[in-house]
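Next come the chains, spelled out residue by residue.
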Amino acid sequence: MREFRAALVTGASGNLGQAFSHELAARGCDLILVTRREERLAALAGTLRAAHGVRVEVVAADLADDHGLRTVEELLSERPIDLLVNNAGRFDGVAPLAHQRAADEEQVIAVNVTATMRLTRAAVAGMVRRRRGGVLNVSSASAFEPAPGGATYAAGKAFLISFSQSVHGEVKWLGVAVTALCPGAVGSGMGKGSRRFGRVMEPAQVVRAGLRAVAQGKALCVPGLDYRIRASVARMAPGWARRMRYRSWGRRAAAALAAEQPAARKS
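Note that this is a predicted model, so its numbers are computed, not measured.

The rules behind each value
Residues numbered from 1 in each chain as written. Predicted model: local features only at pLDDT ≥ 70, side-chain atom pairs only at ≥ 80, totals over all residues. Heavy atoms only, no water. Phe/Tyr/Trp six-rings, centres within 6.5 Å; stacked < 30°, edge-to-face > 60°. Helix = DSSP H or I, 4+ residues; strand = E, 2+ residues; numbered from the N terminus. Buried < 20%, exposed > 50% of the residue type's maximum accessible area, 1.4 Å probe, protein only. Core = buried A, V, L, I, M, F, W, Y, C linked by side-chain atoms within 4.5 Å. Contact = heavy atoms within 4.5 Å. Axes fitted to C-alpha atoms, helices over the stretch in contact; angles between N-to-C directions. Parallel < 35°, antiparallel > 145°, perpendicular 65-115°, else oblique. Left-handed = near helix turned anticlockwise from the far one by under 90°. Salt bridge = Lys/Arg side-chain N within 4 Å of Asp/Glu carboxyl O. Disulfide = S-S within 2.5 Å. Pairing = 2+ DSSP bridges. Expected span 1.5 Å × (residues − 1). pLDDT = per-residue confidence, 0-100.

## So, the packing of aromatic side chains
Going through the model one piece at a time under the given rule, you end up with two aromatic pairs. Ring geometry for Phe159 against Phe163: centres 5.4 Å apart, planes inclined by 10°, an arrangement best described as stacked. Linking Phe159 with Phe163, this pair stays in helix α5 (residues 151–171), spanning four residues, or about one helical turn. Residue classification places Phe163 among the buried residues on the basis of a relative accessible area of 15%.

Structure, rendered in C-alpha cells:
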C-alpha cells in the first residue's frame with residue numbers, strides 16, 4: 001500500500017478537486033493546488049493549513065494555455081511529488097458536434113487530454129527515479145460508451161483510460177502506479193443532486209475510492225457497484241450499449257440539428 005506525503009491536485013477549485021484537497025490534507029499530505037484563479041482557493045488553503053497543519057501552496061495556471069501548463073510541468077520536475085491528481089477538466093455542455101465551436105472543442109481536448117498527458121509524463125519521470133509515487137487521472141463512467149451530444153468530451157475521457165492503463169504497465173514494475181478514476185454522476189456534497197444520469201455519489205466517496213485504488217496499485221477504478229456493472233455491460237455487449245445510448249442521447253441531438261436545417265424541397 002503506497003503512502004503519499006506530497007501531492008499536486010489540478011482543478012482544485014472544483015467539486016472533486018476540493019474533496020481531494022480535504023481528504024489528502026486530513027491524511028497529513030502537503031499540497032500544491034492548481035487552479036485558473038488563485039483567489040478561489042485562498043480561503044480553502046488557509047482552512048487546510050489551520051485544520052491539519054500541512055503545507056498548502058496555491059498555483060494559478062490555466063492548463064489550456066501552454067505557459068500555464070509548462071509552469072505546472074516544471075513544478076512536477078523540480079519537486080518530490082508523491083501523488084499527482086489530474087482532476088482538471090472541461091465540458092462545454094450537451095450539443096451536437098455540428099453546433100459546437102471548433103475552438104471550444106479544442107479547449108476540451110487541451111485540458112482533458114493534452115494537459116493530462118504532459119503532466120503525467122512530467123510526474124512519472126521523477127517518480128520512476130525515486131521508485132515511488134502515483135498518478136490519478138480523473139476520467140468518467142461516460143468513457144465506456146458513446147455519447148452523442150458530448151462526443152469530444154467522452155472520447156477524451158476514453159483516451160484517459162487507455163493512456164493510464166498503458167503508462168501503468170510501463171511503470172508498475174518501478175514502484176509507480178497510474179490509475180484512471182471513472183466516476184459517474186457526482187453530487188455537490190451538499191445533499192441530493194440530479195439523478196438524470198444514474199445514482200449520484202458524494203464527492204468524498206469518489207475521492208476515497210480513487211485514492212485507495214492508486215495506493216493499491218490498480219490501473220482502473222470505477223466507484224459504485226452500479227457504475228461498475230454498467231461499465232462491464234458496455235465492454236461485454238458494446239452493440240447493445242451503443243444502441244441504448246443512441247436512443248437516449250441521439251434523438252435529442254438529431255432534433256437539435258433538424259431544428260436549424262432548412263426543410264428539404266420536394267422534387
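## Some remarks on the nonpolar core
Grouped together as the largest cluster of nonpolar side chains are 44 residues, with contacts concentrated most on Phe20, Leu24, Leu31, Leu33 and Leu83. Among the elements that take part in this core, helix α6 (residues 203–215) stands out by supplying seven residues, more than any other. Residues contacting Leu31, with those up to four places away along its chain left out, are Ala7, Ser21, Leu24, Ala25, Leu48, Arg55, Val56 and Glu57. With 26 residues, the next largest nonpolar core counts Leu75, Leu84, Ala88 and Val176 among its residues.

## Overview of the packing of helix α1 (residues 15–26) against α6
Relative to each other, α1 and α6 sit at 60°, their axes nearing to 9 Å. Here α6 runs oblique to α1, going by the angle between their axes. For the element pair α1 and α6, the recorded crossing hand is right-handed. In contact with Asn15, Leu16, Ala19, Phe20, Glu23 and Leu24 of α1, α6 contributes Pro203, Ala204, Val206, Val207, Arg208 and Leu211.

## Considerations on the pattern of salt bridges
Counted by the stated rule, this structure contains eleven salt bridges. Ionic pairing is found between Glu23 and Arg27, a salt bridge with its closest N-O pair at 3.0 Å. Among the residues examined, Arg27 registers a relative accessible area of 47% and is labelled partly exposed. Between Arg79 and Glu57 there is a salt bridge, with the nearest N and O atoms lying 3.0 Å from each other. Taken as a pair, Arg79 in the loop between α3 (66–78) and β4 (83–86) and Glu57 in strand β3 (residues 56–60) lie far apart in primary sequence, 22 residues in all. Relative accessible area serves as the criterion here: at 30%, Arg79 is assigned to the partly exposed category. For Glu57, a relative accessible area of 29% puts it in the partly exposed group.

## Details of unusual backbone geometry
Positive phi, normally seen in glycine, also occurs at Arg131, with a value near 60°. Looking at where Arg131 falls in the secondary structure, it is placed in the loop between α4 (102–130) and β5 (133–138).

## Some points on the state of the cysteines
Tallied over the entire structure, the rule returns zero disulfides. Take Cys182: it sits in no disulfide, and the sulfur closest to it among the cysteines is that of Cys221, at 7.8 Å. Cys182 sits in the buried class, given a relative accessible area of 0%.

## A short note on the pairing of strand β1 (residues 6–10)
Most of β1 sits inside the fold, with five of its five residues counted as buried. Burial along β1 is two-sided: Ala6, Leu8 and Thr10 and Ala7 and Val9, pointing in opposite directions, are all buried. Where β1 meets β4, three bridges bridge the pair, whose relative direction is parallel. Considered in β4, the bridge of Ala7 is made with Leu83.

## Considerations on the side chain of Thr152
Among the secondary structure elements, Thr152 is positioned in helix α5. The residues contacting Thr152, other than those within four sequence positions of it, are Leu97, Glu105, Val108 and Ile109.

## Examining α5
The end-to-end C-alpha distance of α5 is 30 Å, a good match for the 30 Å that 21 residues give at a rise of 1.5 Å each. Here α5 has its buried residues at Thr152, Ala154, Gly156, Lys157, Leu160, Ile161, Phe163, Ser164, Val167, His168 and Val171. Buried residues along α5 sit in contact with α4, β5, β6 (176–181) and β7 (220–221).

## Some details on the confidence of the model for the chain
Counting all residues, the mean pLDDT for the chain is 86, and 82% of those residues have values of 70 or more. Counting contacts from residues 190–197, a segment whose pLDDT is below 50, to residues more than four positions away or on other chains yields nine contacts. Overall, residues 262–267 carries pLDDT values under 50, and its contacts beyond four positions in sequence, including any with other chains, amount to zero contacts.

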